[in-house]
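# Structural features, examined
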Amino acid sequence: MNIVLGIEGTAWNLSAAIVEEDKILSEYSLPYQPVGGGIHPRDAAQSHATNIKKVISTVLDKADIDPKNINGVAFSIGPGMGPCLRTVATAARALSLLLDIPLIGVNHCIAHIEIGKWLTGAKNPLILYVSGANSQVIGLRGRRYNIYGETLDIGIGNAIDKFSRAFNIRHPGGPKIEELAKKGERYIKLPYVVKGMDFSFSGLVTAAINAVNREEFSIYDVSFSLQENAFSMLVEVTERALAYTDTHELLLTGGVGANSRLREMLKIMCEDRDVKFFAPDKKYMGDNGVMIAYTGLLMLKSGITIKVEDSTVRPNFRPDEVEIKW
Amino acid sequence: MVIKGAEADVEFDEDNGIVIKKRLPKRYRIKQLDDIIRRERTKIEAKIMADARKVGVPTPIILDITYDTIKMELINGVTLKEVIDERLIERVGEHVGKMHKRGIVHGDLTTANMIYSSEEDVIYLIDFGLSRYDEEMEGRGVDIHVLFQMLHIYDNYDKLEESFIKGYKKVFDKAEEVLDRVKKIEKRGRYKHE
């Protein structure tokens, strides 16, 4: 039986977990909360550095195992914010050396996919991965994840955050905009930008901010229209990729996947296309340590480990760079 | 025969040699947005198809149009997805070059949107639903970036890219500038934390 300890800390959430084959033994998170504005990479890294000891000792205590029984230490090596990645990598390297067990550098995006497959039972789904910095439509082709479509500028989560910051709504803006949108009654025409399989959000956000600032429309109506446009764009591209690849399973993952309106739209589209819709529990949609531990375990079993001296973090690490050997 | 695409139902009437493309409402999006998208895309598609043909890019001739439906001539052939090779993709490069020169961006350049007629040895471009008039390097770059992304499904995609570029350069004097932009587009829009 393999047991892996995994640490996630690419952005706002510092989280660790211990996973044994198909069982979660323990998990614990201490997320960073910006005082105002968005996530500041240096402040986030500082918060992670302060909390990492507590996070790791807590998962070790909660798992109630002898640390000697742990077979590997996994950490998210990228993509993510450099300072945050480096903080987590340092802790993972130290653990690897201390316990004399292999180090595993996990691609953060792939971890979102693997935990989704594991928890939902999806076999070979197309994946819509939507988080703060990432918005991608991904599918496994041969031994690699292929990106069929993605944002040409900012991720959907950051787009919504940018809108909410303009009106002093605290990070994360997503859940608050979702609430405001529920009170919207009128649809306002805003930019809708799909270019083939890719999409873009920055023009949409600017137009939405201006619409509120000009006091022509209420923030409720604009939030509603912003969500409708942005999510319709994502669903349209997802549907096109499903058609193109002739796939009959869809997996939703990433923090923005918690949005009820987006889930509702995807469900309807899947119903109409005879596609099975999968989404893990909201807790495992956003960044979490379990996904890193579990993916690390898959990698360890396939013999994919990394030497400490080669474990430099990769802030721009793309999922299509990884060979999937498991 | 009716093919249910991601965006529209396309009815092939072989007897009369016509294709009827109807954009169907999507239940997942609200009616106001749905109406705007279907109406605008139908109108632009018809206009651009005619304009592309004028600059020498084969497209089906339009017979009739309503707010959500285009009736056009049927092209006999197979999609390039099935028969792609270096010679044919070079020809696609020429077609795209001619359109870009005319200020048209196709918006959905995939090999499923190209029909090869072996009888005529001609490649027709179809599905101009996401097309627009755009003379910016960015729009042209994204057009090609989208195609290159899709070419990754073929094992010899690097050769295919090369051949496309050869054809594109042949007809379009600003090709180099666009291809530089393609490289930049590939690098950005990904993770820009630092």
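Worth saying up front: this structure is predicted, and the values here are computed from it rather than measured. (Residues numbered from 1 in each chain as written. Chains lettered and ligands numbered in written order. Predicted model: local features only at pLDDT ≥ 70, side-chain atom pairs only at ≥ 80, totals over all residues. Heavy atoms only, no water.)

All names here are of chain A. In terms of burial, helix 4 (residues 156-165) is a largely internal element, 7 of the 10 residues being buried. Ile-156, Gly-157, Ala-159, Ile-160, Asp-161, Phe-163 and Ser-164 are the residues of helix 4 that are buried. On its buried side, helix 4 packs onto strand 6 (126-130), strand 7 (135-141), helix 5 (174-182), helix 6 (202-213) and helix 7 (219-245). (Buried < 20%, exposed > 50% of the residue type's maximum accessible area, 1.4 Å probe, protein only. Helix = DSSP H or I, 4+ residues; strand = E, 2+ residues; numbered from the N terminus. Contact = heavy atoms within 4.5 Å.)

Here we take up the UniProt feature "binding site: Fe cation" (unreviewed entry) in chain A. All names here are of chain A. The UniProt record annotates "binding site: Fe cation" (unreviewed entry) at His-108, His-112, Tyr-129 and Asp-287. The greatest C-alpha distance among the residues just named is 11.7 Å, despite their covering 180 residues of sequence, which places them together in space. Mapped onto the elements, His-108 comes out in helix 3 (residues 108-120). According to the relative accessible area criterion, His-108 is buried, its value standing at 3%. Every residue in contact with His-108, bar those within four places of it in the chain, is listed here: Glu-8, Thr-10, Ser-76, Gly-78, Pro-79, Tyr-129, Asp-287 and Met-291. Among the polar contacts listed, one links the side chain of His-108 to the side chain of Glu-8, at a separation of 2.9 Å. Looking at the element boundaries, His-112 is found in helix 3. When neighbours within four sequence positions are excluded, His-112 is seen to be in contact with Tyr-129, Thr-253, Gly-254, Met-285, Gly-286, Asp-287 and Met-291. (UniProt positions renumbered as here; feature names shortened; annotations may be inferred. Polar contact = N/O pair within 3.5 Å; in protein donor to acceptor, adjacent residues only side chain to side chain.)

All names here are of chain B. Along its sequence, chain B is carved into domain 1 (2-73) and domain 2 (78-187). Relative to domain 2, the C-alpha centre of domain 1 lies at a distance of 21 Å. Listed by partner, the interface residues are 16 residues for domain 1 and 17 residues for domain 2. For the pairing of domain 1 and domain 2, the buried interface totals around 1,400 Å² over both sides, and the portion due to carbon and sulfur atoms is 69%. Three residues, Ile-48, Val-57 and Pro-58, lead the burial of domain 1 against domain 2; their summed loss comes to 38% of the area buried on that side. One salt bridge connects Asp-51 with Arg-102, and the closest N-O pair in it is separated by 3.2 Å. Taken together, the connections running from domain 1 to domain 2 amount to 6 residue pairs in polar contact (both at pLDDT 80 or more). Among the elements of the structure, strand 3 (18-23) and helix 1 (31-54) are those that each provide at least two residues to the side of domain 1 that touches domain 2. Among the elements that make up the side of domain 1 that touches domain 2, the one with the highest residue count is helix 1 (8 residues). (Domains from an automatic or database assignment. Buried area = accessible area lost by both parts, 1.4 Å probe. Salt bridge = Lys/Arg side-chain N within 4 Å of Asp/Glu carboxyl O.)

UniProt annotation of "domain: Gcp-like" (unreviewed entry) refers to residues 24-294 of chain A when read in the numbering used here. End-to-end, the C-alpha atoms of residues 24-294 of chain A are 9 Å apart, and along that stretch the chain is 49% helix and 18% strand.

Here we come to the domain arrangement of chain A. The accessible area lost on association of the parts is a frequent measure of interface size. Residue and element names in this part refer to chain A. Under the domain assignment used here, chain A contains domain 1 (3-112 + 284-321) and domain 2 (124-281). Here domain 1 and domain 2 have C-alpha centroids that lie 27 Å from each other. The interface is formed by 17 residues belonging to domain 1 together with 21 residues belonging to domain 2. Interface of domain 1 and domain 2: buried area, both sides summed, is about 1,600 Å²; carbon and sulfur atoms make up 58% of it. Its largest share of buried area at the contact with domain 2, domain 1 owes to His-112, Met-285 and Asp-320, together 37% of the area lost on that side. For the pair domain 1 and domain 2, the interface holds 1 salt bridge. Our count for the contact surface shared by domain 1 and domain 2 stands at 10 residue pairs in polar contact (both at pLDDT 80 or more). Here the side of domain 1 that touches domain 2 is built from residues that sort into 8 nonpolar, 6 polar and 3 charged. (Nonpolar A, V, L, I, M, F, W, Y, C, P; charged D, E, K, R; others polar.)

In an α-helix there are 3.6 residues to a turn, and that puts residues three or four apart on one side. Residues and elements named next belong to chain A. For helix 8 (residues 260-273), spanning 14 residues, the distance from its first C-alpha to its last is 20 Å, which sits close to the expected 20 Å at 1.5 Å a residue. Sitting at the amino-terminal end of helix 8 is Asn-259, which places a side-chain oxygen 2.8 Å from the backbone nitrogen of Arg-261. Directly after helix 8, the chain includes Asp-274, whose backbone phi takes a positive value near 60°. (Expected span 1.5 Å × (residues − 1).)

Below, the discussion takes up the interface of chain B and chain A. Between chain B and chain A, the contact holds 37 residues from the first and 47 residues from the second. Summed over both sides, the interface of chain B with chain A buries roughly 3,600 Å², with 53% coming from carbon and sulfur. The interface formed by chain B and chain A holds 5 salt bridges in total. The partner of Lys189(A) in a salt bridge is Glu40(B), with the nearest N and O atoms 2.8 Å apart. Our enumeration of links across chain B and chain A arrives at 12 residue pairs in polar contact (both at pLDDT 80 or more). The biggest single contributor to the side of chain B that touches chain A is helix 1 of chain B, with 6 residues. Here the residues of the side of chain B that touches chain A are counted per class, giving 15 nonpolar, 9 polar and 13 charged.

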